[in-house]
Every structure is written in C-alpha cells, then in structure tokens.
Amino acid sequence: MSHRERMSHVDTAWLRMDRPVNLMQIVGVMVFGGKLDFARLRRVVAHRLLRYRRFRQIAVVEDNGAWWVDDPAFSLDAHLRRSLLPAPAGKAELQQFVSELIANPLNPARPRWEFNLVELADGNSAMVVRIHHAIADGIALVGVITSLTDADAAAEDAADDEKIAGLTLAASADDDWHENDVFWRHLYEPISEATLASIRIGSSLWSKYFEMLLSPTRAFDYARIVASFTQEIAKLALMPNDTPTRFKGRPGTAKCVAWSEPIPLPEMKAVSKVLGCSINDLLLSSAAGALCRYLAEHGELAPDTEIRALVPVNLRPPGDIGELGNRFGLVALEHSLGIENPLARLYVTRQRMEALKESYQAALTFSILGVVGMVPKFLQQKVLDLLANKATAVMTNVPGPQQARYLAGSRIAQQMFWVPQSGDIGMGLSILSYDGKVQLGLITDQGMVPDPEKIVERFAVEFEKLLWLVLMEPWERLDQPQAVEEALQAASESQRRFSATEESAATAARPAAVAATKKPKARARPAGKAGDAKDAAPHVAKETGAPARARRRRPAV
C-alpha cells in the first residue's frame, strides 16, 4: 500500500499557482570545471536526494484536498536526463536551453523535479535543475542541493546523515558578507519564537494562522479566520501600484534568461566599508542601476520611476531548517530607477532597507498564501493577482558556500538559480554568492525584455562606477552625492574645454602645415624648345600611372 500524506495549505497554493505564462518551477544552473561523471552523479542522487521522500512522490489533487502520494512506478532515469546543445555549445546556447526548459512544464504524472546534464564546447559540463515550488521553497532547496555536494572531489557518494545535517542553510554560516546587514540576515535565519509572539496582523489571530497553516488536519474557527483575512486583503489592496514600465504587462509563454560574469566579493566588501553600507545595498543598487540604464537607452526613464520587487523571507521556526515545504513570506522592496546618480541611488536603497527591518509584511503574505490554499482556485487566483499587480519583479538574494564545492567529484565553478514569478509578473532577479564571488541572474518575459543579457552586462558596470568613485574621489565628499556629481561635471566640462582648445589649435596649424608640404608647380616651356620631350616624360608617366624611367626606356616601335 502506497504512503500518502496531506499537503499543507501553503504548498497547495503553490501547486495550484501554475499558469502557462508562469510555471511554478525553481530553476538552477551549475557550471562545472571539467566533465561531470554521469554514472557517479546518478549514485549521488540515489543516495542523497532520494532520502527525501518528497522526491519520490506525486502531487495529487482530489475533492478533499491535495496529497503527496508515493509513485509506484518511480524511476530515477525519468528524472536524470542528458541533452545536447546546438553548436557552438557556449554560454549563449546554454542560456537559450535554460529559457526553453523554464517554459516547459514538469510532468504532473511523476514527482515534479528533473536534472538535465549538458556538455559545453570548452570541455566543461553544466547541469540544469528544475524543482516544483510545491515541494519546497528556495530557502529549503539551497540546503537540499548543498547536501549533494562535498568539500573535496574524493568524498564518498553515499550519504553521511550527520554530515548532511550540517549542510542545510548553515552551510553559509561562515560567510561574513551579511555581517553588517541585519535585514538580509533575518531573511534567511529561522524566525525566533520571540518574533513570532510579537507579530500582529490586525488582530490576535497570527498564532492561529501559523498553527493552522502548518497543521492542516486540525479544526479551527474558519469564520473568524476568513473575517480577519478579508480585513488584511483590504489593506493590501490600498497599496499603490508601482510605475508602469516595459518590465510590466501581459507575459507570454516564451522566457529569456541571462547571468553575469562573477564579481569578486573582496572588492565589494572594500567599497561597502568605505561607503558605510552593506554588500547587499551595493548589489541591489547596482541591479537597479542596470535596469535604470536599460530603460534610459530605450527612452522610457522618468525621474519618478519606481519599481517594486517581492523578496522571499524565511519564516521557519528553530529546528525546522532541514524540512521541505514552504515556510516563507514576502516583503516589498521599492527601487528608485529614476535616480541616475549612483551614490544617491545607493543611499536611498540603504535607507529603505533600514525601514524594512521592522516590517511584518512577510507574516501577512504567508497568511495569505495559506488561506488561499483552502479557498476555491478561482478565488486564489484573484487574490494572488492582486498581490502580483503591486510588483514588477521577484528578487532573491542568497549567500551560498564561500568555499568551492564538488558534485560527483567535479568542481562547481559557477551556480545560479531563479524562483518563479506569480501572476503576471514578468521578471525575476537572483543574486547569489559562491566561492568568494557574486553573480546576478535575470529571467524575463521575451515579449517585454528579449535581451536580458544587456541588463546583466550593466550590473558590473554600475558597481564599477561606485568602485571608481571610492578610488578617485576624496572620501570625505562621498557622503554628499550632489557635491560629487557637481565635481565630476566640473571636471568633465574642464576636460571638454581643454580638448576643444587643443582641437582649435590643431585646426589653425593645419593650413600652414599643408602649405609647407606642397611642391611648387613646374613652369610650362614654350613649344619647340630643347628638352621638351624630356620634361614632358614625367607628366605623361603620371597620366598613365607608369614610372617616368620606364617611359623613357620604352623602345620605339
């Protein structure tokens, strides 16, 4: 008899959230330094991933709710695949392959996950990971994927339970890049009991919400819960929409992905300390700057352009880190794209991050996700559309291991992932640090942004602007963005005048130089005088293009 267990209301909400234009898949890419041994990869997945029962279960929706049911015909080979990239099998072809997979739904008749291995022309391998959001949130899956890896290439393929237990989210505990950023540290740390006790969502029902959402089999006073839920939806509805841009609209099924080249974290740490902000402030500001430049180059940037990004926040209580499922809420981060001064944009970002530290938005959205998992699907869709319409993008920022990791004996050179976009949201940004570097990944709707690589290319450029300001400007002036801008404008104007002066001098000197290089024309001789044939020879030769000496030596016919 197959095992079955009831799906939580939050997980049910994610299961029912699939749309043709936005599939609820968490997608990751790993690029390896060398060729990955497929047979060894299969052994690692069999020993380490399948220890989680959820990866051997099918999501089944019945009249009395959704269930996780063991797949009686489970086959690992149906989930481990090998594919060929078209020539020349480089980064562009890999990005196109990922774009196509993102738009392709996972088979609902099987456990909803898949690993796809491809070979690159440079001799390296890459693997694309797809896992449905109903299985677990991105925060939990970071721990799951990390548990498949090792600190060295010679590690055994079989699972070491004690070793794996320490490789959940704690795998990033040695990473100090969040050391000065309380807000982002709270995004991924377990929520404390004290915090849970302090949260109030317009009433005293938060504890009931949380207990109900994590214990779907228990009976509660649904009438009171729905009444309170309705009040909170009304508050959410009053939140203004962000600025309409080309990043918003009706998405289609075709998607595009791109990711930046890695940026060294030590450079970011140095700049952040000088400017008195966190690394995450730098990352968010640089990402906003890249979006700003893209809109400006399309003639669509206004000074008051603001976009809102929804960011997942960890709501797991202590001891729940290694569990699958969804235990997160969302907070809304607003980015001022109309601020072109990189320092001013950075300081506004820092200020807004500070204001979000005490926000309870995450608790509200978690409760919404849980309750809509109980209501009819059409009502769930309307409520989630209301939430999605308030934002332009979904953004994740996760600190990964800061030492190199190995999967099936192959070193992971780069890794990137994206969480899905709900409703009509057409853009997802992901920032991931790994092995002392950081990368920006971007997924866009092809109809809105067909060239996301042009945005990720600007990510490093925007950070370099801040780096050059730290290197070239007096540090005491850096806390005054307007003064820095005026100083740069004055220097630019001075350089322009200097260049104009040099150009004017060069233009004035050019006629004299030309005149000095001109030879005086030969004076014409009267016809019939001696030397006529000799003097005419060079002229004739010039007319025909032949050397004068050749003309003189030509024998008579």
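Data block above holds the structure.
Residues numbered from 1 in each chain as written. Predicted model: local features only at pLDDT ≥ 70, side-chain atom pairs only at ≥ 80, totals over all residues. Heavy atoms only, no water.

1. Description of the pattern of salt bridges
Moving on, step 1. Counted according to the given criterion, the structure contains 25 salt bridges.
Moving on, step 2. Note that Arg 112 is salt-bridged to Asp 18, the shortest N-O span being 3.9 Å. Residue Arg 112 is located in the loop between helix 3 (91-102) and strand 6 (113-119), and its partner Asp 18 is located in the loop between helix 1 (9-15) and strand 2 (25-32); the two are separated by 94 residues in the primary sequence.
Moving on, step 3. Exposure remark for Asp 18: the relative accessible area of 24% places this residue in the partly exposed category. (Salt bridge = Lys/Arg side-chain N within 4 Å of Asp/Glu carboxyl O. Helix = DSSP H or I, 4+ residues; strand = E, 2+ residues; numbered from the N terminus. Buried < 20%, exposed > 50% of the residue type's maximum accessible area, 1.4 Å probe, protein only.)

2. Comments concerning helix 12 (residues 342-356)
Moving on, step 1. Counted at 1.5 Å a residue, the expected span for helix 12 with its 15 residues is 21 Å, and the 21 Å between its end C-alpha atoms agrees.
Moving on, step 2. Listed in full, the buried residues belonging to helix 12 are Pro 342, Leu 343, Arg 345, Leu 346, Tyr 347, Thr 349, Met 353 and Leu 356. (Expected span 1.5 Å × (residues − 1).)

3. Structural notes on the pairing of strand 7 (residues 125-132)
Moving on, step 1. Extensive coverage of strand 7 is indicated by the burial of eight of its eight residues.
Moving on, step 2. Residue alternation in strand 7 divides its side chains into two sets, Ser 125, Met 127, Val 129 and Ile 131 and Ala 126, Val 128, Arg 130 and His 132, and both sets are buried.
Moving on, step 3. With seven bridges joining them, strand 2 and strand 7 adopt antiparallel strand pairing. Within strand 7, the residue paired with Met 30 across the bridge is Met 127.
Moving on, step 4. Sheet topology note: the strand 6/strand 7 ladder contains seven bridges and is antiparallel. Bridging across to strand 7, Glu 114 finds its partner in Arg 130.
Moving on, step 5. Linking two consecutive strands that pair antiparallel, namely strand 6 and strand 7, is a turn of five residues; a positive phi of about 95° is found at Gly 123 within it. (Pairing = 2+ DSSP bridges.)

4. Some remarks on unusual backbone geometry
Moving on, step 1. Here the residue pair Ala 87 and Pro 88 is connected by a cis peptide bond, since its omega of 5° sits within 30 degrees of zero.
Moving on, step 2. In this structure, Ala 408 takes a positive phi of about 55° despite not being glycine.
Moving on, step 3. Along the chain, Ala 408 falls in the loop between strand 13 (406-407) and strand 14 (410-418).
Moving on, step 4. Even without glycine at this site, Asp 435 takes up a positive phi of about 55°.

5. Here we look at the nonpolar core
Moving on, step 1. Counting residues in each nonpolar core, the largest one holds 51 residues, and the members touching the most others are Phe 247, Leu 275, Leu 282 and Leu 429.
Moving on, step 2. When residues no more than four places from it in sequence are discounted, the contact partners of Leu 429 are Ala 287, Leu 291, Ala 393, Val 394, Met 395, Thr 396, Leu 440, Gly 441 and Leu 442.
Moving on, step 3. One finds Trp 14, Leu 85, Phe 97 and Met 416 within the second-largest nonpolar core, a separate group that totals 39 residues. (Core = buried A, V, L, I, M, F, W, Y, C linked by side-chain atoms within 4.5 Å. Contact = heavy atoms within 4.5 Å.)

6. A closer look at the pairing of strand 3 (residues 57-62)
Moving on, step 1. In terms of strand pairing, strand 3 meets strand 4 (residues 65-70) through six bridges, oriented antiparallel. By the bridge assignment for strand 4, Gln 57 is matched with Asp 70.
Moving on, step 2. In textbook terms, the turn of a hairpin is the stretch between consecutive antiparallel strands, and for strand 3 and strand 4 this stretch comprises two residues.

7. A look at the sheet that holds strand 7
Moving on, step 1. Across the sheet, six strands lie side by side as 5-6-7-2-14-13; this open sheet has mixed pairing. Only two strands of the sheet have a single neighbouring strand rather than two, namely strand 5 (80-83) and strand 13.
Moving on, step 2. Of the strand pairs in this sheet, strand 2 and strand 14 are connected by six bridges, and their pairing is antiparallel. From the neighbouring strand, Phe 32 faces strand 14, where its bridge partner is Ile 412.
Moving on, step 3. Along the sheet, helix 3 makes contact with strand 2, strand 5, strand 6, strand 7 and strand 14, crossing strand 2 at roughly 160°. (Axes fitted to C-alpha atoms, helices over the stretch in contact; angles between N-to-C directions.)

8. Section: the packing of aromatic side chains
Moving on, step 1. In this structure the tally under the stated criterion is five aromatic pairs.
Moving on, step 2. Ring geometry for Phe 55 against Trp 113: centres 5.9 Å apart, planes inclined by 80°, an arrangement best described as edge-to-face. Taken together, the residues Phe 55 in the loop between helix 2 (38-49) and strand 3 and Trp 113 in strand 6 connect sequence positions 58 residues apart.
Moving on, step 3. Where Trp 113 meets Phe 115, the ring centres are 5.3 Å apart and the plane angle is 70°; that geometry is what we call edge-to-face.
Moving on, step 4. Overall, the relative accessible area of 2% leaves Phe 115 in the buried class.
Moving on, step 5. Taken together, the aromatic side chains of Tyr 52, Phe 55, Trp 113 and Phe 115 make up a single cluster linked through ring pairs. (Phe/Tyr/Trp six-rings, centres within 6.5 Å; stacked < 30°, edge-to-face > 60°.)

9. Considerations on a nonpolar patch on the surface
Moving on, step 1. Together, Trp 468, Leu 471 and Met 472 line one region of the surface with nonpolar side chains, adding up to about 390 Å² of accessible area.
Moving on, step 2. The topology assignment puts Met 472 in helix 15 (residues 453-472).
Moving on, step 3. In this structure Met 472 comes out as exposed when scored by relative accessible area, which is 60%. (Patch = residues over 30% accessible without salt bridge, like charges linked within 9 Å, V, L, I, M, F, W, Y side chains within 5 Å. Areas by Shrake-Rupley, 256 points an atom, 1.4 Å probe, with all protein chains shown as cover.)

10. A closer look at the sheet that holds strand 1 (residues 4-6)
The pairing of strands in a sheet happens through backbone hydrogen bonds and is either parallel or antiparallel.
Moving on, step 1. Spatial ordering of the open sheet is given by 1-4-3, a layout of three strands whose pairing is antiparallel. Because the sheet does not close on itself, it has two edges, and the strands there are strand 1 and strand 3. Here the strands of the sheet are splayed against their neighbours by 25° on average, with no regard to which way each runs.
Moving on, step 2. By the bridge criterion, three bridges tie strand 1 to strand 4 in an arrangement that is antiparallel. Looking across to strand 4, one finds that Arg 4 is bridged to Val 69.

11. Here we look at the packing of helix 10 (residues 265-275) against helix 11 (residues 279-297)
Moving on, step 1. Between helix 10 and helix 11, the least distance of the axes is 8 Å, while the angle of their chain directions is 100°. Here helix 10 is positioned roughly perpendicular relative to helix 11, judged by the angle of their axes. From helix 10, Leu 265, Met 268, Lys 269, Val 271, Ser 272 and Leu 275 reach across to helix 11, where they touch Ile 279, Leu 282 and Leu 283. (Parallel < 35°, antiparallel > 145°, perpendicular 65-115°, else oblique.)

12. A short note on the side chain of Asn 397
Moving on, step 1. Summarising the element assignment, Asn 397 is placed in strand 12 (residues 393-399).
Moving on, step 2. A relative accessible area of 0% means that Asn 397 is categorised as buried.
Moving on, step 3. One polar contact links Asn 397 to Asn 280, side chain to side chain, over a distance of 2.5 Å. (Polar contact = N/O pair within 3.5 Å; in protein donor to acceptor, adjacent residues only side chain to side chain.)

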